[in-house]
Amino acid sequence: MAKVSVLIVDDAPFIRDLVKKALRSHFPGLQIEEAINGRKAQQMLTRSSFDLILCDWEMPEMGGLELLQWFRGQPGKEGIPFIMVTSRGDKENVVEAIQSGVSDYVGKPFTNEQLLAKVRKALQRAGKLSLLQGPQAPRPSVGTAQDSIANLTGGRKVETPVAAARPAAPARNPETPPAVKPAAATSAQSVRGQAQLRLAGEQFACVIKTLSLRDALVVVRRGERLPQLFESGVLDLEQDSDQSIARINAYVHAVAALEPKMDSEWVKVTLKFVDQDPQKLDYLSRLIASGTAQQHYSPGA
């Protein structure tokens, strides 16, 4: 069987591991390499050839868009699939990536099934899919709570920028939940305000209770679907001073009822951050120092 290779570029080890696991479950013969940022990927792409590149947008040293623009400027690289895998779903960002030569676009969070569909399509267009799929090719993993990254773009095609990744609709402000005492932790600070948690194609308006550089404790309203342990998602945070938004990649570390009863209306969710981008860490530091997050701050939260 001919060798087919893919390069995964992301500064978050947790995301790289999830992507590798999804690809290996469906393409056992696929050769996988990884890079922690665009600069490292640039060095690897200079030395070696790859049949597919899966790249994050926001990374230290060199981001995904800069890497894409450099890569498309190299001789003979015009036809190699380059897929952006990122939480940036704004129309302007999608259009900019298309203009720079991106092949497709997958928004974080996403499911294994969606990621595999994008990869399959890219390899098919490049004429590489038949080299990987034998007569008994395994079925794609639908993604358990452990494997799932969740869905943002719904598999929309990148050729239509507006439909490719619509900006997330503003989450409705949740009613103020009962007061909760933050878990004791020297690294966590009480940061009062609201944010938006995106998991598996759903958006949860949430109240922030504690926030640190490593994790966050948020409260969401109980619904038909509860956040699942180890499920990956994105926490959207906005700072009042300049209304800038940080999209923090995280996974669900713990889920518990807020009230000591079976029909508790509110759920506490502990999120562990997986980003290592210095800019995002600096943003979190400023939020922690200010003590508030998002302009829709509820004094009684």
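The residue numbering used here restarts from 1 in each chain and proceeds along that chain's sequence as written. Local features in this predicted model are restricted to residues whose pLDDT is 70 or higher, and side-chain atom pairs enter the listing and the counts only when it is 80 or higher, whereas totals over whole chains, interfaces and linings include all residues. Hydrogens and water molecules were not included; the side-chain quantities draw on all heavy atoms of the structure.

## Points about the pattern of salt bridges
Put simply, a salt bridge is a Lys or Arg side-chain nitrogen that is within 4 Å of an Asp or Glu carboxyl oxygen. Summed over the entire model, instances satisfying the criterion amount to 13 salt bridges. The partner of aspartate 10 in a salt bridge is lysine 108, and the shortest N-O contact between them spans 2.8 Å. With aspartate 10 in the loop between strand 1 (4-9) and helix 1 (13-26) and lysine 108 in the loop between strand 5 (104-107) and helix 5 (112-125), the pair connects residues that are 98 residues apart, well separated along the chain. For aspartate 10, a relative accessible area of 4% gives the class buried. The salt bridge partner of glutamate 265 is arginine 221, with a shortest N-O separation of 2.1 Å. Of this pair, glutamate 265 sits in the loop between strand 10 (245-257) and strand 11 (266-273) while arginine 221 is found in strand 8 (residues 215-221), placing the two residues 44 residues apart along the sequence. Among the residues examined, glutamate 265 registers a relative accessible area of 36% and is labelled partly exposed. The rule is simple: take the accessible area with a 1.4 Å probe, protein chains only, and divide by the maximum for that residue type; under 20% is buried, over 50% is exposed, in between is partly exposed. Looking at arginine 221, the relative accessible area reads 31%, which means it is partly exposed. Elements are defined by DSSP. Helices are runs of H or I of four residues or more, strands are runs of E of two residues or more, and each kind is numbered from the N terminus.

## What about the packing of helix 2 (residues 38-47) against helix 3 (residues 64-72)?
Packed helices, taken two at a time, are described by their axes: the angle between them and the distance between them. The convention used is that axes are lines fitted to C-alpha atoms, helices contributing only their stretch in contact, and that angles between N-to-C directions extend from 0 to 180 degrees. Contact geometry for helix 2 and helix 3: axes closest at 9 Å, N-to-C directions at 20 degrees. With respect to helix 3, the axis of helix 2 lies roughly parallel. Helix-helix and strand crossings are classified by hand; for helix 2 and helix 3 the assignment is right-handed. Contact residues: helix 2 offers Gly38, Ala41, Gln42, Leu45 and Thr46, while helix 3 offers Leu67, Trp70 and Phe71. Any angle from 65 to 115 degrees is called roughly perpendicular, while one under 35 is roughly parallel, one over 145 is roughly antiparallel, and all others are oblique. Helix crossings are classified by the rotation of the near helix relative to the far one: an anticlockwise turn of less than a right angle makes the crossing left-handed, while a clockwise turn makes it right-handed. Residues are treated as being in contact if the distance between any of their heavy atoms lies within 4.5 Å.

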